[in-house]
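Observations on the three-dimensional arrangement
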Amino acid sequence: MSRLFRLCCWCWALSAMSLDRLPLALTATDEAEPDFIGQIDNVTVAQGRDAILSCTVSHLNDYTVGWVKVDTKAIQATGRRVVTLNSRVSVENIPDSPIWKLIIKSAQPDDAGYYMAQINTDPMKSQMAYLSVMEPPNIDDEATPSVRQVRENEPVELYCQATGQPVPIIAWKREDGTNISHDPCRHANDTQQKIVSSNGSLPKGHGRLCIASADRSSMGTYFCIASNGVLPSVSKRIQLVVLFPTAIRAEKPLVGAPAGVNGIGLECIVEASPLSHHLFWYFGNTSIGPNERHTMTIHKINAYTIKMTLAILNLRETDAGLYRCQAGRSEATIRLYIHNPMTTPSRSTTTKWMLDIKTTPWKERQPRTSAAHLAIIQSPVITTETYRSVTLNRHTSSQAEVLTSSNRPVQEVVYKNPSVHRRPPSSSTASDLNHQHRPTGQLVLMTSMIAILTQVISFVSC
C-alpha cells in the first residue's frame, strides 16, 4: 500500500512538472525571430544633399537595430539612440513601424562608404549598402600649368588634371571659337598611340591635347573644361605661346598720290612672338616721330600680328622718297611718289573754240593772188620746181602742216592730196580745217589744167 502511494505521488509530480513546462515550450515555439524584409538599397547623393539609408525589419519585438560604418567600424546608432559624435547623423523610426532610417545631413565625400544594419539576434543578422557622395569637378591648379611656351614646328602637349566623383571628363575648346587640330598622344606607360577624342577625354581626370608641330596658328588661349554630371562644371584657361622670329612686310611697297592730299597712309604688317615693342619709321636715314604732319598708329590683328601705319597730312613734293618701317631687327621699305592730276579743258571753252571756227564765213577769206599762183597760170611749162614753189608758198600757215609733214616728194603730196584728207582727223577741229581747205587744192589743179590746154591750143593754131 505504501509502495502504491509512493508511485502515485511520483506520477503526479511528474505530471505537474510537465504541465508547468508546457506553456513555456508552446510560447517559445510560437514567437518568430526578427528578420530583414528585402535588401537595403545603395544610395547616391550629390555633395551637400541629405543621404538616407533605410531598412525594413519584421518581428523585431524586444530586439534592437543598430548602424555601423564598415570602413571605420564606428557605431552610428543603436535603436533610436545616436552613438556617433557626428552631429549630422540621426535615426528615424515611427513607433510600431518596421522601417528604420539612418539620416546623414549635408553629405560630404568623407561620408561615402559601406554602412551595415544589424539585428542583435544570436547569431547576428545584418545587411550592407553603399553610400556614394558625388563631388563636383575640381581642377588641380598646381598640376595644370596656365602658360605653355614652345618654339615653332616643335611638338607640344597641353594637359589638365581634375578630381571629382565620378571621375570628371575633360573637354578642350579655344577661346576664339576656331577648330582645334590635335594629333596622337603617346602615354608614358603605353606602347601604342592613343588618339585624343574630340572632347579630349581621358580616364582618371587627366586630359591631354597633343600638337605634333605647333605653328603660329596654334597660338592662342585654350579652355580645359571638367564635368561629371554634378553642377557646376569648372574650366581653366591655358595660354599656348609659339615662339618665332620677327617678320615684317609692306602692305603696298609702292604708293602714289597727288600733292596737297590731306592724308595718306603707309602700312606695314609685323608678325612676331613675342611681339616687338621697338617699332620705328624712317624717311631715308632720318627717324620720323609724331608731329603736326605725321601720325603713327598700331593696330593689333591677333596674338602675333600687328599693323603699323604712318599717316602723312598735307602731302608735299618733298615728301616723295623711300620710307622704312622697322620692327626689332627686321625692316621693309615703301616708296612714295608724287604725281600731278590730269587736267582736261572745260566743256564751255571747247564749244566756244569750235564755234569760232565754224562761224568764220568762207567768203570773208582773202583771195590767194600770190606771185606763185600767177606763175602757174602764165608759165608755158609746168615743172616739178613750179609745184614745189607753189606748195611751199601755199602752206606757210601752221594749219597746213599736216599736209607737208611727210618726207615724200612734193608732187606726190599734191596729187594725193585728197587721200591725205581721208585720214582720221585728230579732233573735230582738224576735220573742219581739212574740209575748208579741200576746195583750194581742187582750184589749183583746175587752174593748172586750163593753162596746159591753153598752151596746146595756141600751138595747134600756129
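So, a few notes on the structure that sits alongside this text. For every chain, the first residue of the written sequence is number 1, and numbering continues from 1 along that sequence. In view of the model being predicted, local features appear only for residues whose pLDDT reaches at least 70, and side-chain atom pairs are presented and counted only at 80 or more, with totals across whole chains, interfaces and linings using the full set of residues. To get the side-chain values, take all heavy atoms of the structure and skip hydrogens and water.

**So, the state of the cysteines**
Put simply, a disulfide is two cysteine sulfurs that come within 2.5 Å. Going through the model one piece at a time under the given rule, you end up with two disulfides. The disulfide partner of C268 is C325, and the gap between their sulfur atoms is 2.0 Å. When the S-S torsion is -85°, as for the bridge of C268 with C325, the disulfide is left-handed. You can see C268 sitting in strand β18 (residues 264–273) and its partner C325 sitting in strand β23 (residues 321–327), a full 57 residues away along the chain. With respect to burial, C268 and C325 carry one shared label: buried. Where helices and strands are cited, they refer to DSSP runs of H or I of at least four residues and of E of at least two residues respectively, numbered from the N terminus. Summary of the burial criterion: residues with accessible area below 20% of their type's maximum are buried, those above 50% are exposed, and those between are partly exposed, where the area comes from a 1.4 Å probe applied to protein chains only.

**Quick word on the nonpolar core**
Formed by 24 residues in total, the largest nonpolar core has its most connected members in C55, W67 and L131. Contributions of two or more residues to this core are made by β2 (43–46), β3 (51–58), β4 (65–69), β7 (89–92), β8 (99–104), β9 (113–119) and β10 (125–139). At four residues, β3 tops the list of elements feeding residues into this core. In what follows, residue pairs with any heavy atoms lying within 4.5 Å of each other are defined as contacts. Excluding residues within four positions of it along the chain, L131 makes contact with V43, V45, A51, I104, D111, A112, G113 and Y115. For the purposes of this section, nonpolar cores are sets of buried Ala, Val, Leu, Ile, Met, Phe, Trp, Tyr and Cys residues that join through side-chain atoms within 4.5 Å. Counting 23 residues, the second-largest nonpolar core is a separate cluster that includes C268, I312, L336 and I338.

**Things to note about unusual backbone geometry**
Here the residue pair D122 and P123 is connected by a cis peptide bond, since its omega of 5° sits within 30 degrees of zero. The omega angle of the peptide bond from Q165 to P166 is 0°, so this bond is cis rather than trans. Note that P166 resides in the loop between β12 (156–165) and β13 (169–174). With phi around 60°, D96 is a residue other than glycine that occupies positive phi space.

**Things to note about the pattern of salt bridges**
In the sections that follow, a salt bridge refers to a side-chain nitrogen of Lys or Arg positioned within 4 Å of a carboxyl oxygen of Asp or Glu. One pass over the structure, following the stated rule, counts 12 salt bridges. The closest approach of N and O atoms between E152 and R216, which form a salt bridge, is 3.2 Å. Note that E152 is positioned in the loop between β11 (147–151) and β12 and R216 in the loop between β14 (206–211) and β15 (220–227), a separation of 64 residues in sequence. Assessed through its relative accessible area of 23%, E152 is described here as partly exposed. Of the residues examined, R216 reaches a relative accessible area of 23% and is grouped as partly exposed. The salt bridge involving K307 is made with E267; its shortest N-O contact spans 3.9 Å. Note that K307 is positioned in strand β22 (residues 305–312) and E267 in strand β18, a separation of 40 residues in sequence. For E267, a relative accessible area of 29% translates into the label partly exposed. Through salt bridges with shared partners, a single network forms among E152, R216 and E271.

**Here's the deal with the sheet that holds β7**
At least two DSSP bridges between two strands are required for those strands to pair. The four strands lie next to each other as β1-β3-β8-β7, forming an open sheet whose pairing is antiparallel. The sheet terminates laterally at β1 (35–36) and β7, the two strands that pair on one side only. Bridging between β3 and β8 involves six bridges; their strand directions are antiparallel. By the bridge assignment, L53 is partnered in β8 with L102.

**Overview of a nonpolar patch on the surface**
Note on patches: the residues involved have over 30% relative accessible area and no salt bridge, like charges join within 9 Å, and the nonpolar side chains Val, Leu, Ile, Met, Phe, Trp and Tyr join within 5 Å. A 1.4 Å probe and the Shrake-Rupley method give the accessible areas. Residues count as covered only by the protein chains that appear here. Taken together, the side chains of V70, Y114, M128 and Y130 present a nonpolar region at the surface, about 340 Å² in accessible area. Considering the arrangement of structural elements, one finds Y114 in strand β9.

**Some remarks on the pairing of β9**
Buried residues dominate β9, accounting for five of its seven residues. As judged from the five bridges shared by β4 and β9, these two strands associate in the antiparallel manner. Counted as the bridge partner of G66 is Q118 from β9. One ladder, built from seven bridges, connects β9 with β10; its direction is antiparallel. Note on β10: the bridge partner recorded for I119 is K125. The hairpin formed by β9 and β10 contains five residues between the paired strands.

**Overview of the side chain of D319**
Summarising the element assignment, D319 is placed in the loop between β22 and β23. Taking the relative accessible area as the measure of exposure, D319 reaches 6% and is therefore buried. Filtering out sequence-adjacent residues up to four positions away, D319 remains in contact with F283, R293, I312, N314 and L336.

Keep in mind these values describe shape, not function.
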